[in-house]
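Here's the letter readout for the chains.
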Amino acid sequence: MRSAKAFGQELFDYSSIQRFQARDSAPMNKAFVREPEFDGKAYCPQCGSLGVGVCEATLDHHVQEAVRSRLADAAWYCGFAKCEIAYFDLFESRVSVEELRMPVYPKDADAPICPCFGFTVDDIEADVTEGTPVRIRELLANTKSNAANCRVLAADGQCCMREVQRLYMAQISGRGQ
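This write-up is about the structure you can find in this document. These numbers were taken from a predicted model, which means no experiment stands behind them. (Residues numbered from 1 in each chain as written. Predicted model: local features only at pLDDT ≥ 70, side-chain atom pairs only at ≥ 80, totals over all residues. Heavy atoms only, no water.)

Attention now goes to the side chain of Arg68. Position of Arg68 among the secondary structure elements: in helix α3 (residues 65-68). If we skip the residues at most four places from it in the chain, Arg68 touches Glu56, Leu59, Asp60, Val63 and Asp73. (Helix = DSSP H or I, 4+ residues; strand = E, 2+ residues; numbered from the N terminus. Contact = heavy atoms within 4.5 Å.)

Structure representation (C-alpha cells):
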C-alpha cells in the first residue's frame, strides 16, 4: 500500500484521502446551512417585482373582509400594473386584484392616483394641456395637510406625489415641451 506524508505529520494511505475527498463533495444537509438574514425585501411571487411593505391598516382598508385573514399582518404590495397579484406575504399567501374592495392605481389606470383627494391621470393631462401644473401644485399642498391619509388610503401606503411627478414629466417630454 502506498502512503503519503501530510505536512510532516502522520502517514495516510491514498485510499483514506480519496474517501475524505468523496465525503467533502457530497451535498451538505440543509439542516446545517444557515439561512440568510431577512433584509426586509420581498418579491412578488407572480411577476418577481420588488414589493412595497404595507401596514395592517392599509390591508384592512383595501382587502375584502372574506379574504383578509389569508394575509399576515406584515404584507407587501405589488405595484406592477400588469400583475394580477395585489398583496402577498412571506408565507406565500396572495390577494388578487379582483379581491380588493375597490380599483387601485396602477392596477386600474382609471382609478385615482391619489385616493386621498381623487387626483387622476386626467388631472395630469389637463395640467399638461394647459401648460401650468395648477392641479399638481394644489395636490402637493393637500398632501402636506392633515387631510392626507396615504398610509391607509393608498394601495401601497405611500404618498402619490412621486408617481404624479413622474407621469407629469413623462407627458411633458412626450409632447416635446
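Once the structure has been displayed, the description carries forward.
What follows deals with the side chain of Thr120. Note that Thr120 resides in the loop between β6 (94-96) and α4 (121-130). Its relative accessible area of 19% is what places Thr120 among the buried residues. (Buried < 20%, exposed > 50% of the residue type's maximum accessible area, 1.4 Å probe, protein only.)

The next point concerns the nonpolar core. Counting residues in hydrophobic clusters, the biggest one holds 18 residues, and the most contacted among them are Ile113, Phe119, Ile124, Leu139 and Val164. Contributions of two or more residues to this core are made by α4, α5 (134-143) and α7 (161-175). The biggest single contributor to this core is α7, with five residues. Those residues within four positions of Leu139 in sequence are excluded, and the remaining contacts are Cys114, Phe117, Phe119, Cys160, Met161 and Val164. Among the nonpolar cores identified, the runner-up in size contains 13 residues, and Val63, Ala75, Val104 and Ala155 belong to it. (Core = buried A, V, L, I, M, F, W, Y, C linked by side-chain atoms within 4.5 Å.)

Right, let's talk about α5 for a bit. Among all positions in α5, only Ile136, Leu139 and Thr143 are buried. Buried residues of α5 fall within an arc of 60° about the axis and therefore sit on the same side. In this structure, α5 carries Arg137 and Glu138 as exposed residues pointing more than 90 degrees from its buried face. (Arc of directions from axis to C-beta.)

Before going further, it helps to spend a moment on α4. Residues of α4 that are buried: Val121, Ile124, Asp127 and Val128. Along α4, the residues classed as buried sweep out an arc of 120° about the axis, all on the same side. Structural note: α4 exposes Asp122 and Thr129 on the side pointing more than 90 degrees away from its buried face.

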